[in-house]
Amino acid sequence: MTWKELLKICILGTSNHPVKSDWEALSEWGFQKQVQPNQNVLQAAASYAFLQKAAKDIPMAKQPPAPFLEQEEARPCQRSSQLHLMAIVNNPGNEKLLLEFLEEARAAGRSLPAAGLPKLLDWGAQHPENQALLREVAAPRGVWLAQFNSSWAYMLSEIDEERWELGDLKQRRRLFQRWRQQQPQKALQALEAIWEQESLKAKTVFLQSLIGGLSDSDIPFLEKVLDESRKELRIMAADFLALLPNSPLVERMTSRCKRFVTWNKKGLQIELPEKLDEASKRDGIQGNHRALGSSLAANWLGQMLAVVPPSFWEEHLNKNISQLLKAAWQHEWSDYLLWGWIEAAVRYRAQSWLLELFTLYTEYPQEEKWSSLGIGAIFKALDEKHFNLLALQALENHPGILRDDAPVVELLLQEKQAWSDRLTLQVMRRLKETIRSDSYVYHWGLKSILSRAAHLANPELHEQLSRAWPEDSRSWHSWQNDVNDFLTTLQFRKDMRTALWE
Amino acid sequence: MKWSAEQVLSFAPDAGTEKRGKALAREKKWPQLACNEQAVWGQCKGSGSQPYLTGIDLREPAFKCNCPSRKFPCKHALGLFHLFVQNPQAFQHEQPPAWMEQWLSKRQAPPAPKIKAKDAKAEKAKQKRWEERLALMEDGLQELERWLEDLISQGLGQPALGRADFWEGIAARMVDAKLPRLGSHLREMRNAVLYRDNWQEELLEGIGYCYLHIKAFQQREQLDAVAQEALYSSLGRNLRKADVLHEQESLSDHWWVVGMEHGLDVEDRRFRKTWLLGEQSEKYALILDFAFGQEPYAEQYRLGECIAAPLVYYPSSFPQRALLKQQQRQAITELPQLPAYPTSTAMLNAYGQALAQQPWLEEWPALMENLRPSSNGQKVLIDEEGRALPFQMMYVNTYWQLLSLAARQPLRLFGTWNGKKFRVLMAEEAGQWWPF
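Residues numbered from 1 in each chain as written. Chains lettered and ligands numbered in written order. Predicted model: local features only at pLDDT ≥ 70, side-chain atom pairs only at ≥ 80, totals over all residues. Heavy atoms only, no water.

**Q** It is not clear to me how the overall build of chain B should be interpreted in this structure. Could you clarify?
**A** Each helix and strand in chain B was counted, giving 12 helices and 17 strands. Buried residues in chain B amount to 51% of all 436 residues. Put simply, of all contacts in chain B between residues at least 6 apart along the chain, 62% involve residues at least 24 apart. Charged side chains of chain B number 54 positive and 53 negative; the gap between the two group centres comes to 7 Å. (Helix = DSSP H or I, 4+ residues; strand = E, 2+ residues; numbered from the N terminus. Buried < 20%, exposed > 50% of the residue type's maximum accessible area, 1.4 Å probe, protein only. Contact = heavy atoms within 4.5 Å. Lys, Arg positive; Asp, Glu negative; His and termini not counted. Charge placed at Lys NZ, Arg CZ, Asp CG, Glu CD.)

**Q** Is there a simple way to think about the overall build of chain A in this case?
**A** Each helix and strand counted, chain A has 29 helices and 4 strands in total. Relative to a compact globule of 502 residues, whose C-alpha radius of gyration would be 23 Å, chain A shows 33 Å and is clearly more extended. Principal-axis analysis of the C-alpha atoms places the extent of chain A at approximately 120 × 70 × 50 Å. The 502 residues of chain A split such that 51% are buried. Pairs at least 24 apart in sequence give 69% of the contacts found in chain A among residues at least 6 apart. Carbon and sulfur atoms make up 48% of the accessible area of chain A, which totals about 24,400 Å². (Rg over C-alpha atoms; globule rule 2.2 N^0.38 Å. Areas by Shrake-Rupley, 256 points an atom, 1.4 Å probe, with all protein chains shown as cover.)

**Q** Quick question: what am I supposed to make of a positive patch on the surface here?
**A** Residue and element names in this part refer to chain A. Judged by side-chain charge, R163, K170, R173 and R174 come together as a positively charged surface patch. You can see K170 is positioned in helix 10 (residues 169-182). For K170, a relative accessible area of 54% translates into the label exposed. (Patch = residues over 30% accessible without salt bridge, like charges linked within 9 Å, V, L, I, M, F, W, Y side chains within 5 Å. Salt bridge = Lys/Arg side-chain N within 4 Å of Asp/Glu carboxyl O.)

**Q** How should I be thinking about the nonpolar core in this particular structure?
**A** One recurring pattern in soluble globular proteins is that nonpolar side chains are buried together. Residues W313, W419, M428 and F486 of chain A are the most contacted members of the largest nonpolar core, which totals 115 residues. Among the elements that line this core, the one with the most residues is helix 20 (residues 334-347) of chain A, at 8 residues. With near-sequence residues (within four places) excluded, F486 of chain A lies in contact with M428, L450, A453, A454, L465 and W469 of chain A. One finds I58, L98 and L145 of chain A together with F318 of chain B within the second-largest nonpolar core, a separate group that totals 63 residues. (Core = buried A, V, L, I, M, F, W, Y, C linked by side-chain atoms within 4.5 Å.)

**Q** I'm lost on the pattern of salt bridges in this one. Help?
**A** It is possible for side chains of opposite charge to pair when their charged atoms get near one another. Residue and element names in this part refer to chain A. For the structure on display, the rule yields 42 salt bridges over all chains. Close ionic contact of E232 with R230 constitutes a salt bridge, the shortest N to O distance being 3.6 Å. A relative accessible area of 38% places E232 in the partly exposed class. When salt bridges that share partners are traced, they join E223, D227, R252, R256, R282 and D283 into one network.

**Q** Looking at this structure, I do not really get the environment of G140 of chain B. What am I missing?
**A** Residue and element names in this part refer to chain B. Relative to the helices and strands, G140 is located in helix 5 (residues 120-154). With 37 residues separating them in the primary sequence, G140 and A177 have C-alpha atoms 5.2 Å apart. Residue contacts for G140: discarding those within four places in its chain leaves R173, M174, A177 and L179.

**Q** What is the right way to look at the packing of aromatic side chains in this model?
**A** What the rule picks out here adds up to 33 aromatic pairs over all chains. An angle of 75 degrees between the planes, with centres 5.7 Å apart, marks the rings of F358 of chain A and F379 of chain A as edge-to-face. Of this pair, F358 of chain A sits in helix 21 (residues 351-363) while F379 of chain A is found in helix 23 (residues 376-381), placing the two residues 21 residues apart along the sequence. Comparing F358 of chain A with F379 of chain A shows no difference in burial state: the two are buried. Seen from their ring centres, Y399 of chain B and W400 of chain B are 5.0 Å apart, and the 75 degrees between their planes marks the pair as edge-to-face. (Phe/Tyr/Trp six-rings, centres within 6.5 Å; stacked < 30°, edge-to-face > 60°.)

**Q** Help me out: how do you make sense of the interface of chain A and chain B in this one?
**A** Interfaces are often sized by the amount of accessible area the parts lose when they come together. Taken together, the contact pairs 68 residues of chain A with 62 residues of chain B. Taken together, the two surfaces of chain A and chain B that pack against each other cover about 5,700 Å², and 59% of this comes from carbon and sulfur. If you sort the residues of chain A by the area they bury against chain B, L42, K53 and I58 of chain A come out on top, with a joint share of 13%. The tally of links from chain A across to chain B stands at 6 salt bridges. A salt bridge links K4 of chain A to E201 of chain B; the shortest N-O distance between them is 3.6 Å. At the junction of chain A with chain B, the criterion picks out 24 residue pairs in polar contact (both at pLDDT 80 or more). The element that contributes the greatest number of residues to the side of chain A that touches chain B is helix 3 (residues 37-54) of chain A, accounting for 12 residues. When its residues are assigned to classes, the side of chain A that touches chain B shows 34 nonpolar, 19 polar and 15 charged. (Buried area = accessible area lost by both parts, 1.4 Å probe. Polar contact = N/O pair within 3.5 Å; in protein donor to acceptor, adjacent residues only side chain to side chain. Nonpolar A, V, L, I, M, F, W, Y, C, P; charged D, E, K, R; others polar.)

**Q** Help me understand the pairing of strand 13 (residues 378-382) of chain B, please; the structure alone is not making it clear to me.
**A** The two faces of the sheet receive side chains in turn, since in a regular strand these alternate between them. All names here are of chain B. Sheet topology places strand 12 (residues 364-376) next to strand 13; 5 bridges connect them, and they run antiparallel. Bridging across to strand 13, R372 finds its partner in I382. When strand 13 meets strand 14 (residues 388-392), the two strands line up antiparallel, connected through 3 bridges. Looking across to strand 14, one finds that V380 is bridged to P390. The antiparallel pairing of strand 13 with strand 14 creates a hairpin that spans 5 residues between the two strands, and G386 there sits at a positive phi of about 90 degrees. (Pairing = 2+ DSSP bridges.)

**Q** Is there a simple way to explain helix 3 (residues 75-86) of chain B in this structure?
**A** Spacing of three or four residues puts side chains on the same side of an α-helix, whose turn is 3.6 residues. Residue and element names in this part refer to chain B. Compared with an ideal rise of 1.5 Å per residue, which puts 12 residues at 16 Å, helix 3 spans 16 Å between its outermost C-alpha atoms and is within 8% of the ideal. The buried count for helix 3 comes to 10 of 12 residues, which makes it a mostly enclosed element. As for helix 3, its buried residues are in contact with helix 1 (5-9), helix 2 (15-23), strand 1 (32-35), strand 2 (39-44), strand 3 (52-57) and strand 4 (62-65). (Expected span 1.5 Å × (residues − 1).)

**Q** Is there a simple way to think about the sheet that holds strand 3 of chain B in this case?
**A** What holds strands together in a sheet is hydrogen bonding between their backbones, with the strands either parallel or antiparallel. Residues and elements named next belong to chain B. Pairing in this open sheet of 5 strands is mixed, and the strands run 4-3-2-1-5 from one edge to the other. A strand with exactly one partner marks an edge of an open sheet, and here the two such strands are strand 4 and strand 5 (92-93). For strand 1 and strand 5, the ladder comprises 2 bridges, and the chain directions are parallel. Bridge pairing in strand 5 links A34 to Q92. Against the sheet, helix 3 touches strand 1, strand 2, strand 3 and strand 4, its axis set at about 60 degrees to strand 3. Its contacts with the sheet put helix 4 (residues 98-108) on strand 2, strand 3 and strand 4, and the angle it makes with strand 3 is roughly 35 degrees. (Axes fitted to C-alpha atoms, helices over the stretch in contact; angles between N-to-C directions.)

**Q** Hey, could you run me through the environment of A139 of chain A in this one?
**A** All names here are of chain A. With respect to the helices and strands, A139 occurs in the loop between helix 7 (131-137) and helix 8 (141-146). Using a relative accessible area of 33% as the deciding quantity, one classes A139 as partly exposed. In this structure, the C-alpha to C-alpha distance between A139 and L156, residues 17 residues apart in sequence, is 9.9 Å.

The structure is reproduced here in C-alpha cells:
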C-alpha cells in the first residue's frame, strides 16, 4: 500500500471501492491490521501522515543557484536610512519623499538597502519617468536582480530585439521607451525601419514615446510624419516639432505669422488670416479648433502664435515685452493674442515673458478670463530662480492677511520649484500673522501651502520654523494638524538627509 | 540603559501614530516632565480639560497613558519617549507621583498567583472536574472516530465536503467536548478543501493527524505523565499561565528575539508568535500572545533585541511554548553568532529526533545557514549540499527580498519548518536582521 493507492481509495470511498491491499509495508511502523477496513485505512493515513513529516527527503536542486553579484557597490546605507526607506516604500503616497531619498542617496554615493530593492524596482516598472534615476542609483544590485524578473527588464542595458519584433504592443512600448531613454538615436532608427508596416495604434503609441529624449536629430523623421494621412499622427508630430526651436516648422510658422501681427503709429495691428491653407494645416494648425471664442480665424492666429518663440516679437516689432503685453491686453483680439503668447512663453520657457505675464495677471487678478487663457501653466514653467523672485515680489505686493484668492497663493501652490530659505521664512512669517489675526478657519489654499512647503523648503530650517506658531490664537485648532504635519515631514526629511550623508 | 531614537521608532504601532507621536516630542506640549532611574512621566496637554498622564517604565520599556486612544503605545507615550531621548535635560529628577508609583509597583511585583489551598477537598474537586473532562473528551473522540470512518466510507470526492455545515457541526462538537485544537484543525481542513490545489492530499493528512490523536488518547495510560500532558495540550487543554509560572522551573538566559509572526487564527483572533533563542542554553522558546480586535498586546518585542530574563516552559516532552518572567531589555551592541544548521539534512535530522520525543509538534524553529534562493518553476532555498528546501512565502515579494539580500553571499535565515515547507521569519545580511 503506497500513499498514492491510499489516496485513491479515500477519494473513491471504501463503500465504493473494496480495499484489497497488503499492509506489509506499514507493519514495521507499528501498523496492526484490524477487522474493519475503514479502521485500516485510517490507521494507514495516520502512519503515512506522520512518516511523511518525520522522514521527508529534500531533493537535490535541478540547477545551481545563480552566480553571485561581483561588481563593487557604493557605501551601504546606515541602518537608520534603511528604516527611512522602508517607512517610505511601505506607506503608499510618499512618492515625493521617495524621489528625494533616491536623489540624495545618489548624491551621497550610497547604495540602496538590499531588502528594499524589490519594492523599488516594482515602483520603477509603474513609473517609467523615474527609471533612468533608478538605473543609476539601484545599480549594480538592482541590475543583477532584474535579470531574474522580466517586469524589471527596464534596468537592463541590452535590448531584447526579438521582443521588439515579436512582443505584444504593451511589451514593445515598454521596450521602446527604455530604448529611447538609453539610446535615443538607435531607437529612432528602429522605429523608422518598421514605421510603414505598423498599425495606426502602434504608430500612435511609438510616436508618443518619442517625447523622452526629443532632439534636433528627430526633425527629419517628424517632418516625414507631417505627410501621414492620419490627422492624429500629424498633429502629434507638429506638436513635437514645435518643441524644437531649430525645426523648419517653427521657421515656417514664424514667417507665416509676421504679416498678421504688425505695429504702426496706431499701435499693435492684427490682421486675421482669411483662410487656412494646406501648408498651415500640414504644420498642425487645426481648422475647427476653438481654444477661445467663436472666431475661427482668430483661433488659427492664436495657434500660430503659440508656436513662434516669443522673443521674435520683441525684435520684429521693436517693442519690449511689457509694451507688447499691454497693447495685447487692450486689443480687440486680446484673448487670442494673450492665449497664443502664454502658450509660446510656456513652450519655450521664456522666463522674462513669464514674469511680465504674471505682472499683468497681478494687475487684473479679478478678470475671469485668466483661467481660460491658461495662466496656470506659467507658474509651472517658471524656473527656480524666477519662481522665488516672483513669489517674494508677490508677497511684498500683497501686504496684510493672506487669503486663498491672492495670486501669490496660486503661485505658492506649485509643486516643482524648491523654495529659497528667504522665501520659506517670509511665507511662514506671513502665515503666522494670518493665523494670529484672522479667525476665519476655512483657508484651504493657505493650508495646502504648508503641505507644499513640507517638501519644497530646506529641511535644515526645521528648528527655526518650529518656533513661534500662534498657538493661543482663536483659529489655531483648525491649523494645528496642518502645521504638525508640515513640521513632521520637514523633520523626517532632515533626519533622512542627515543619515544619508553621515 | 540608553535608548536611541531608532529604538523608540520601532515601538510605534503604525506610521500614523509614529508621526503624531513625533509631533508631540516638543517640550512646550508637556507642562510637567520628570524622571528617575527607572521611569519617565509627564502631563500632556490634550483636547480635554485635564492633561493626560503618561508614563514609561524604562526597564522594558512599558507604557501607560490615561488617554482614550486604542493604539498602544499611544502618541503621547511615543512623544514622551522621543522627547526623553532627544532632550533628557528637560526632565526633572524627582520622586514619582502617586499614580506613577502605583503603576510601577504593580509592574515591579506582579501579584503572586493565588494558589488555592490545596487541601484534600479542593484537590478532590479538581480531580473530579478533570475526570469529567476526560469523559467528555472520550465521548467526543469516539464521535470523531465514527465521523472519520463515515468520511472514508463515502470518500473524499463527495460534494458535501464543500459545504460549511459539513465541517462546522463536527468542529463545534469538538469544542463542546473540550477538544478545541481538534475543532480548529477540522476548520483548517475545510479551508484546505476550499482554497488549496492539492486539497485531497492535505485532507488525508489531516484525517491521519486526527486519527493519531484518537488512538493516542485511547492508549494514553501507556504514556508517561509528560507525554500525556503533551497529548492533552495538543488536543486543546490550556494550562493557566499563573500555574505554569508557579509550578515549572525557570531557565535564565539572554533570550534573542530571532523571529516574529503575526496573523489571524481560524477563530479570527489576532495572534503573535515571538521566537526566542537562548544565547547560553541554545534553546528555542515560543511566546504566544492573542488579542481581539484592536486590543494591543501586553508586551512589545522587537526583532533582534535581547531580553535577559528567567523563562518557564509549558510542560511538554519537547518544550517550546514558554512565558517570560521579569524582563530586562538589553541595549543591542552586536548580534551574537547563534548556532545554525549547516544543511537541510542536519535540520531534518534534528526535526526527526524532536518528533520522536513530541509527535504533536506543529512547527519546528530553526536557524539555518548557507541558503540561497533560487527559482526553477518552484521557488526554493538551495543549501550547501545543493538540496532544494521548499519554502513558504507569505508575500510574493518575500522571494525577491531574499534574492536581493543573497546577491553577494549565502544567507543565514531563521524560520519554522512544518514538515513540508520552511517559513522564513528573519534573514541576516551584513550583521543585520531583517524581519519577514
